[in-house]
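Each chain is listed here by its residues.
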Amino acid sequence: MSDQSIMAAPILILPERSHAIASDLRATLGVDKVKDDYSTLTAYAVDASIYRMMPKAVVLVESEEDIAATVRYAVERGIPLTPRAAGTNLTGSAIGAGIILDVSRLNRVLELNREERWARVQPGIVLAELNKQLARDGLLFGPDPSSGDMCKLGGMLANNSSGPHTLRYGSVKDNVEALRVCLQSGDWLDARAYGFDDPVCADLLKTHRPLRDLQSLIQENAPLIEQKRPAVSKNSCGYNLFGLVDGLARGRFDLPKLFVGSEGTLGLFSEATIKLVEKPQATLTALIHFHRLEDVGDAVPKLLELRPSALEVMDANTLNLIGRAKHGIPADAAATLLIELDAEVSQTDLRAQAERMTEISRRYRLTSDPVIAFDPEQRDQLWKARKALYPTLYRFDSRKKPINFVDDVVVPADRISELIRYLGEFFAGQRVPVAIFGHIGNGNAHIIPLLDVNDQGDFKKMVQGYHEIHQTVLGRFGGSICGEHGDGRVRAEYVKTMFGQDLYNLFVRVKQSFDPSGALNPGIKISDRPFTDHIDYERLSKPCATCAKCNAVCPVYDVFQSEDMSSRGWFEIVTDKNYSYLNSKRVVEACLNCKSCRTACPAGVDVSQLILDRRVEHPNPTAGAIFYYHAQTARFGRFLKFLARYQSLWDRPLMRRLIDHLTKPFMRGLAETARLSPQLVLPRLAQRHLRDRYPELIPQAKREPRSPVAYFHGCAANYFHDGVGDAVIAVLRKHGVEPDLPPQRCSGTPIETYGHRALAKEGARVNLASMAGYKKVVTGCASCTLMLKDYPTLFAGEPEQAAAQALAKRVTHISEFVAQSSVKPTMASQQSTKCKVAYHSSCHLRAAGVTKEPRAILAGLPGVEYVEMPDADRCAGGAGTYLVKDFETSQRIVERKRRAVEQSGAEVVATSCPACMIQLRTGLQGAAEVKHVAQLLQEAYEAADR
Ligand SMILES: Cc1cc2nc3c(=O)[nH]c(=O)nc-3n(C[C@H](O)[C@H](O)[C@H](O)COP(=O)(O)OP(=O)(O)OC[C@H]3O[C@@H](n4cnc5c(N)ncnc54)[C@H](O)[C@@H]3O)c2cc1C
Ligand code: SF4
Ligand code: SF4
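What counts, and at which threshold
Residues numbered from 1 in each chain as written. Chains lettered and ligands numbered in written order. Predicted model: local features only at pLDDT ≥ 70, side-chain atom pairs only at ≥ 80, totals over all residues. Heavy atoms only, no water. Near = heavy atom within 4 Å. Nonpolar A, V, L, I, M, F, W, Y, C, P; charged D, E, K, R; others polar. 1 Å grid on protein atoms, 1.4 Å probe; cavity = no way out; pocket = protein on both sides within 12 Å on 5 of 7 lines; lining within 4 Å. Points joined across faces, edges and corners; volume = space filled by probe spheres on them. Helix = DSSP H or I, 4+ residues; strand = E, 2+ residues; numbered from the N terminus. Core = buried A, V, L, I, M, F, W, Y, C linked by side-chain atoms within 4.5 Å. Buried < 20%, exposed > 50% of the residue type's maximum accessible area, 1.4 Å probe, protein only. Contact = heavy atoms within 4.5 Å. Polar contact = N/O pair within 3.5 Å; in protein donor to acceptor, adjacent residues only side chain to side chain. Areas by Shrake-Rupley, 256 points an atom, 1.4 Å probe, with all protein chains shown as cover. Pairing = 2+ DSSP bridges. Axes fitted to C-alpha atoms, helices over the stretch in contact; angles between N-to-C directions. Parallel < 35°, antiparallel > 145°, perpendicular 65-115°, else oblique. Expected span 1.5 Å × (residues − 1). Phe/Tyr/Trp six-rings, centres within 6.5 Å; stacked < 30°, edge-to-face > 60°. Lys NZ or Arg CZ within 6 Å of the ring centre and 35° of its normal. Salt bridge = Lys/Arg side-chain N within 4 Å of Asp/Glu carboxyl O. Patch = residues over 30% accessible without salt bridge, like charges linked within 9 Å, V, L, I, M, F, W, Y side chains within 5 Å.

Chemist: I'd like to hear about the site of ligand 2, residue by residue, with values.
Modeler: Cys-544, Ala-545, Thr-546, Cys-547, Ala-548, Lys-549, Cys-550, Cys-601, Pro-602, Ala-603, Val-605 and Val-607 make up every residue found near ligand 2. Taken together, the residues of the shell around ligand 2 sort by class into 10 nonpolar, one polar and one charged.

Chemist: Could you give an account of the layout of surface pockets, with specific residues and numbers?
Modeler: Computed from the structure, the second largest pocket encloses a volume of approximately 1,500 Å³. As for the second largest pocket, its lining consists of 48 residues, of which Ile-626, Phe-636, Phe-720, Thr-881 and Val-884 are closest to the centre. Looking at the lining of the second largest pocket, the element that brings in the most residues is helix H26 (residues 621-631), giving five residues. Across the lining of the second largest pocket, the residue classes tally to 35 nonpolar, 12 polar and one charged.

Chemist: Let's hear about the nonpolar core: which residues, and what values?
Modeler: The nonpolar side chains of a soluble globular protein tend to be buried, and buried together. Counting residues in hydrophobic clusters, the biggest one holds 171 residues, and the most contacted among them are Leu-241, Phe-259 and Trp-570. Setting aside chain neighbours within four positions, we find Phe-259 in contact with Leu-157, Leu-179, Val-181, Leu-183, Leu-189, Ala-191, Leu-266, Phe-269 and Phe-514. Counting 53 residues, the second-largest nonpolar core is a separate cluster that includes Tyr-694, Val-778, Val-850 and Val-901.

Chemist: Run through the site of ligand 1, naming residues and quoting values.
Modeler: Pro-83, Ala-85, Thr-88, Ser-147 and Ser-162 are the nearest of the 35 residues found near ligand 1. With respect to ligand 1, the side chain of Ser-93 contributes an N or O atom lying 3.1 Å from an oxygen atom. If ligand 1 stood free it would expose 990 Å²; the protein chains cover 98% of that surface. For the shell around ligand 1, the secondary structure elements donating two or more residues are strand E3 (81-84), helix H6 (153-159) and strand E12 (268-275).

Chemist: Tell me what's going on with the environment of Ser-216, and back it up with residues and numbers.
Modeler: Among the secondary structure elements, Ser-216 is positioned in helix H9 (residues 209-227). Here Asp-213 takes part through its backbone oxygen, which lies 3.3 Å from a polar atom of the side chain of Ser-216.

Chemist: Go over the pairing of strand E15 (residues 310-315) with me, naming the residues and quoting the values.
Modeler: Summarising burial for E15: six of the six residues are buried, a large majority. Burial along E15 is two-sided: the residues Ala-310, Glu-312 and Met-314 and Leu-311, Val-313 and Asp-315 are all buried. Examined bridge by bridge, E15 and strand E16 (residues 335-343) share six bridges and lie antiparallel to one another. Note that in E16 the partner of Met-314 across the bridge is Thr-336. As paired elements, E15 and strand E20 (residues 434-439) share two bridges and run antiparallel to each other. Bridged to Val-313 within E20 is Gly-438.

Chemist: Describe the packing of H9 against helix H10 (residues 241-249), and please don't skip the residues or the numbers.
Modeler: Closest axis-to-axis distance for the H9/H10 pair is 9 Å, and the angle between their directions is 100°. Classified by the angle between their axes, H9 and H10 sit roughly perpendicular to one another. In contact with Leu-214, Leu-217, Ile-218, Gln-219, Ala-222, Ile-225 and Glu-226 of H9, H10 contributes Leu-241, Phe-242, Leu-244, Val-245, Asp-246 and Leu-248.

Chemist: Which residues make up helix H17 (residues 416-430), and what values go with them?
Modeler: Spacing of three or four residues puts side chains on the same side of an α-helix, whose turn is 3.6 residues. In a regular helix each residue adds 1.5 Å, so 15 residues correspond to 21 Å; H17 covers 21 Å between its end C-alpha atoms and thus fits that length. Looking at the buried side of H17, the elements it contacts are helix H12 (293-304), E15, strand E19 (409-410), E20, strand E21 (444-451) and helix H18 (456-475). Looking one or two residues beyond H17, the residue adopting positive phi is Arg-431, at roughly 55°.

Chemist: Kindly report on the sheet that holds strand E9 (residues 188-191), identifying the contributing residues and their values.
Modeler: Taking strand neighbours across the sheet as the criterion, the five strands line up as E5-E6-E12-E8-E9 in an open arrangement whose pairing is antiparallel. One side of each edge strand has no neighbouring strand; the edge strands of this open sheet are strand E5 (109-113) and E9. With direction set aside, neighbouring strand axes in the sheet form an average angle of 10°. Where E5 and strand E6 (residues 118-121) come together, four bridges link them in antiparallel fashion.

Chemist: Give a description of the packing of aromatic side chains that names residues and reports values.
Modeler: Two numbers describe a pair of aromatic rings. These are the distance of the centres and the angle of the planes. Counted under the stated rule, the structure contains 19 aromatic pairs. With a centroid separation of 5.7 Å and 90° between ring planes, the pair formed by Phe-259 and Phe-514 is classed as edge-to-face. Of the two residues, Phe-259 is situated in helix H11 (residues 255-259) and Phe-514 in helix H20 (residues 501-514); the sequence distance between them amounts to 255 residues. Accessibility classification places Phe-259 together with Phe-514 in one group, the buried group. An angle of 65° between the planes, with centres 5.3 Å apart, marks the rings of Phe-642 and Tyr-646 as edge-to-face. According to the relative accessible area criterion, Phe-642 is partly exposed, its value standing at 42%. Look at Tyr-646 and you get partly exposed, because its relative accessible area is 37%. Taken together, the ring pairs connect Tyr-239, Phe-242, Phe-499 and Phe-507 into an aromatic cluster. For Arg-351, the ring lying beneath its charged end belongs to Phe-374, and the centroid distance is 4.0 Å. The aromatic ring of Phe-560 is capped on one face by Arg-892, whose charged end is 4.9 Å from the ring centroid.

Chemist: Talk me through the pattern of salt bridges; I want residue IDs and the actual numbers.
Modeler: Summed over the entire model, instances satisfying the criterion amount to 77 salt bridges. With a shortest N-O distance of 2.9 Å, Asp-692 and Lys-641 are connected by a salt bridge. Of the two residues, Asp-692 sits in helix H30 (residues 690-693) while Lys-641 sits in helix H27 (residues 633-645), which places them 51 residues apart along the sequence. With a shortest N-O distance of 2.9 Å, Glu-868 and Arg-855 are connected by a salt bridge. One end of the pair, Glu-868, is in the loop between strand E26 (864-867) and helix H41 (882-885); the other, Arg-855, is in helix H40 (residues 852-859), and 13 residues separate them in sequence. Judged by its relative accessible area of 46%, Glu-868 is partly exposed. Using a relative accessible area of 15% as the deciding quantity, one classes Arg-855 as buried. Members of the salt-bridge network, linked through shared partners, are Glu-129, Lys-132, Asp-558, Asp-871, Arg-874 and Arg-896.

Chemist: Could you give an account of empty space enclosed by the protein, with specific residues and numbers?
Modeler: Going through the model one piece at a time under the given rule, you end up with eight cavities of 30 Å³ or more. Of the pockets and cavities examined, the largest cavity occupies roughly 770 Å³. Lining the largest cavity are 49 residues; nearest its centre among them are Thr-88, Asn-89, Leu-90, Ser-147 and Asn-159. Those elements giving two or more residues to the lining of the largest cavity turn out to be E3, H6, E12, helix H15 (376-387), helix H16 (389-392), E20 and E21. The leading source of residues in the lining of the largest cavity is H6, at five residues. Residues that form the lining of the largest cavity fall into these classes: 23 nonpolar, 19 polar and seven charged. Roughly 110 Å³ of internal volume is contained in the second largest cavity. As for the second largest cavity, its lining consists of 15 residues, of which Cys-843, His-844, Ala-879, Cys-913 and Cys-916 are closest to the centre. Secondary structure elements with two or more residues in the lining of the second largest cavity: helix H35 (782-789), helix H39 (843-847) and helix H43 (914-924). Classifying every residue of the lining of the second largest cavity by side-chain character gives nine nonpolar, six polar and no charged.

Chemist: Hey, could you go over the environment of Leu-662 for me, with residue numbers and the actual values?
Modeler: The residue Leu-662 is located in helix H29 (residues 653-668) in this model. Along the sequence, Leu-662 and Leu-676 sit 14 residues apart, while their C-alpha atoms lie 9.8 Å from each other.

Chemist: Could you give an account of a nonpolar patch on the surface, with specific residues and numbers?
Modeler: Together, Phe-639, Phe-642, Tyr-646 and Leu-649 give the surface a local cluster of nonpolar side chains, amounting to about 390 Å² of exposed area. Assignment of secondary structure puts Phe-642 in helix H27.

Chemist: Account for the pairing of strand E23 (residues 776-779), naming residues and giving values.
Modeler: Pairing analysis gives four bridges linking strand E22 (residues 709-712) to E23, with the strands arranged parallel. The partner of Ala-710 across the bridge, within E23, is Val-777. Where E23 lies against strand E24 (residues 811-813), three bridges are found, and the strand directions are parallel. When the bridges of E24 are listed, Val-777 appears paired with Val-811.

This is the structure in structure tokens:
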């Protein structure tokens, strides 16, 4: 059969039908599961590849019935249907012109068998989340793409993903027992490795014609398939007919081998039965810096004798591009190897292994001794740069971007130095900077040239490189063009060249048989379209790598599991040329401004800031009125004192319900979802504000500061009677500091959140002036800390910027102050009974770079057993006033935190942010006490005085 038959399969979406797609699907699946608004389609138009395609509708499936109904609908009408999980593939395989079927909401572990080490898992689960759940039973899913924090099982299955630890655990195809596959007929197939003599297999062959076609195709063509098998240790190019032929030799019809790696072109998965491995008891990670590239090739086979679980390389260019100094990499290293060794039993075995590794390495010219880490935190640091390599390259240049078009070649492992040398010369000839890194133990190299595809010259270099490098890898090295990333749109053009026409014809027959309508992910894997079709030229001039690392930490994405409600999606929406506040208000107002995305982004993008910029174009009038009143400090203070006096009357369940009801019309001015929920545990308002309680600390107007240290208490510590302000002052005093409480206005965080940047700046100017004379400005509130440190951005390019920079350097969170202080106050002596304390790391304090100090303080307190709780670094959903703006969503977000606290067994959750404290008290419903770190410190100091 000619491959033309499949290429020409008509995929028709008549314009008048395209609007009907979403409404038809809504009628079948329900309104909540189908979206086709501008924001959703824009967010789903990209994945982590260089391509862009606008879909017509997005379906967020929640069951097998939803999948089957959508497949039937698309196939009957010839509408392209693209399955999608996290959208982190680098090949354009999760975007399409028709329907996107997102499996993210199917994200549960359905069954776990500890003894036999397998699990039944849904395709929407994130790999890191899956492994976190398995770790409780000492188990692990072996294949580990570097995108493991964000990629999902469905995408890993469909791409036959692998990663650094493939060396030990193999690719996904080696770790799958069975799949539930929805075929294009809408029927379900339990795909396992059946014996050909198994009656179930006979039944399946009778029921499903594509299976009969497949069986005879393999039987008739086994010699041809065998002859064309790539002679390298891993391959994800084409359909894995090789695995089926292997099965045939063992008398088995090994169906998972066909579907794993099929990139959504043959069927859709609703679950997989995966094989698990024991989690290693101990692990060491080491960096070995080589002086000469040639030595790397020589050292690899010797290091492989140690049976490492991972062996990764970064070439000299890569090290330059990511910044040597920043990662402690010697200036004269020509290449760096990252090696990992696991111990099944104990760490003692590893010490001996480490010595052998050092001994092997020293036979070569190294730039320094290997850096060896056993501690998980140090090991994470060594991996961090490697895992974020690709998006980090986005920082290199504003025009030249890392372009994935020859990113995944495989050659025999012992020829990797030769490959790197060839590539170095090729790109030097083109005058193109390039990063080469990858899984050297498998001979799998990731090649990422930096190009401006909008420049004609660079575009030509890309096309030339695509053909020349792939041809060289096939001809000179006998390798594969695709080790693990999949063919997608980018390599589809070259699959025929890789395998030759005869085998390619078999691939076409398989596709034709399983997907006669051609509706399943057209343009992917089996296509003769040039790889340059659908390149997103506009996006490739923007700073975002679309890697989705931010989605992994975005609390809104966590609860909605929909790309239009995610950090990456919001970047696309707010930077799109067709953006308007009106067509995107729903999503622009949904961001919490928690800044987790900014902390996570390797490319240095701050999505939250872009969203704030958009909100400034439409400041919220109701919030504006509140903040103007709030800025009149004396009047606002009197009002709050009035409320404080009668709080015992109005803060009762019945009254709160009435208040919720009466304030609804006003709250709608803030947001459609805003309300003062009776379930919200309000803090006690202070009848005497902090500034009233410490008159001795208020500096005289127009006088020199009394103290070198100012305490910027912010609004919460002043107005709430929650003990935080008193604790910060008490702690400072114990450290020998009598702080000043200079006049101050709101730091500006909540004001800017509602689009009132001018008002935020007005307050910031007051703060800049009043904090000017102090050596240190101590804060207790996470949001104030970050906002004060961010004043230089607020005043970017304005006269106040220099003063803002000076202030930013002096802002010190109380936990940093204590960590840096030379005074070590006496604490109560160790106590026999200890209280379990966990730390919730407030997002804004993390964004301000303060993470270790609060934990170290808590761990050092007598009477405290510090436990690191799961998800300590995830947003709790309070985010200033978000718990008023959208109480329901904030409670969905805090649910994950509540589970984490429960798992940790903590009796007290410590944190550093008043909004987090309110949110935790509301969300935990008394399951644990909530305290500020300063309060626990104060208790420890004061106990020593008793
Ligand atoms: C920074 C970064 C590092 C990376 N490192 C690695 C690495 O080390 N190794 C590696 O192998 N890859 C790597 N990748 C590529 C990518 O992350 C992996 O291929 C990943 O497994 C894709 O998963 P996903 O959930 O994002 O899938 P998606 O991108 O959503 O989809 C991938 C494919 O799976 C199909 N699909 C999704 N769900 C289903 C389903 N339920 N049924 C049928 N088909 C489905 C889609 O149609 C598409 O063809 C990296 C990517 C990035 C951005
Ligand atoms: S904003 Fe940053 S983390 Fe998010 S997708 Fe873009 S590059 Fe990746
Ligand atoms: S600030 Fe928080 S909620 Fe907003 S996009 Fe970033 S991670 Fe998501």
